[in-house]
Amino acid sequence: MTAEELLQRYAAGERDFSGVELKRVRLEKTDLRGIRLDNARLTRIRLDGANLSGASFKQASMVDAKLNGANLWEADLSGAELGNCRFTE
């Protein structure tokens, strides 16, 4: 899935993207409140400055993800693989 496709579907009201695969996708400074990315493969995804409040990343693989300055208020990262992720601010 591309960033453009995800954003189009999100804008249309879809929130459940469980199981998707996103590689090297740039979603910096996007508003993705309440998105579900459970069991997703998010390799080298860029989410710097994104609003991810209430998002769900249960059991997601987020290797090399960048979430610097992302809003993770009430986000669920339980069971997520966070190898080499970057979280600042």
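Refer to the structure above for everything that follows.
For clarity, every value in this text was computed on a predicted model and none was experimentally measured.

### A closer look at the nonpolar core
Turning to step 1, where the next piece is worked out: Core analysis: the largest hydrophobic core is formed by 25 residues, its most contacted members being L42 and L52.
Turning to step 2, where the next piece is worked out: Residue contributions to this core peak at 3 residues, all from helix α1 (residues 3–11).
Turning to step 3, where the next piece is worked out: Leaving out residues up to four positions away in the same chain, L42 has contacts with L22, L37, F57, A60, S61, M62 and V63.

### Notes on the packing of aromatic side chains
Turning to step 1, where the next piece is worked out: Here the structure, examined in full by the defined rule, presents 0 aromatic pairs.
Turning to step 2, where the next piece is worked out: Here the guanidinium or amino end of R15 rests over the ring plane of Y10, the centre of that ring lying 3.6 Å away.

### Some thoughts on α1
Turning to step 1, where the next piece is worked out: Along α1, the residues that are buried comprise A3, L6 and Y10. Down the axis, α1 shows its buried residues gathered within 65° of arc, on one side only. Turned more than 90 degrees away from the buried face of α1, the exposed residues are E4, Q8 and A11.
Turning to step 2, where the next piece is worked out: Tucked into the core, α1 has its buried residues touching β1 (21–23).
Turning to step 3, where the next piece is worked out: In the segment just after α1, G13 is the residue with positive phi, at about 105°.

### Re the side chain of T30
Turning to step 1, where the next piece is worked out: One can find T30 in the loop between β1 and β2 (41–43).
Turning to step 2, where the next piece is worked out: Within the structure, T30 has its side chain in polar contact with the backbone oxygen of L27 (distance 2.7 Å).

### Some details on the environment of I35
Turning to step 1, where the next piece is worked out: Summarising the element assignment, I35 is placed in the loop between β1 and β2.
Turning to step 2, where the next piece is worked out: Remark: the alpha-carbon pair of I35 and A75, spanning 40 residues in sequence, is separated by 9.4 Å.
Turning to step 3, where the next piece is worked out: Other than its neighbours up to four places away in sequence, I35 contacts L6, Y10, R15, F17, A55 and S56.

Cut-offs applied
Residues numbered from 1 in each chain as written. Predicted model: local features only at pLDDT ≥ 70, side-chain atom pairs only at ≥ 80, totals over all residues. Heavy atoms only, no water. Core = buried A, V, L, I, M, F, W, Y, C linked by side-chain atoms within 4.5 Å. Buried < 20%, exposed > 50% of the residue type's maximum accessible area, 1.4 Å probe, protein only. Helix = DSSP H or I, 4+ residues; strand = E, 2+ residues; numbered from the N terminus. Contact = heavy atoms within 4.5 Å. Phe/Tyr/Trp six-rings, centres within 6.5 Å; stacked < 30°, edge-to-face > 60°. Lys NZ or Arg CZ within 6 Å of the ring centre and 35° of its normal. Arc of directions from axis to C-beta. Polar contact = N/O pair within 3.5 Å; in protein donor to acceptor, adjacent residues only side chain to side chain.

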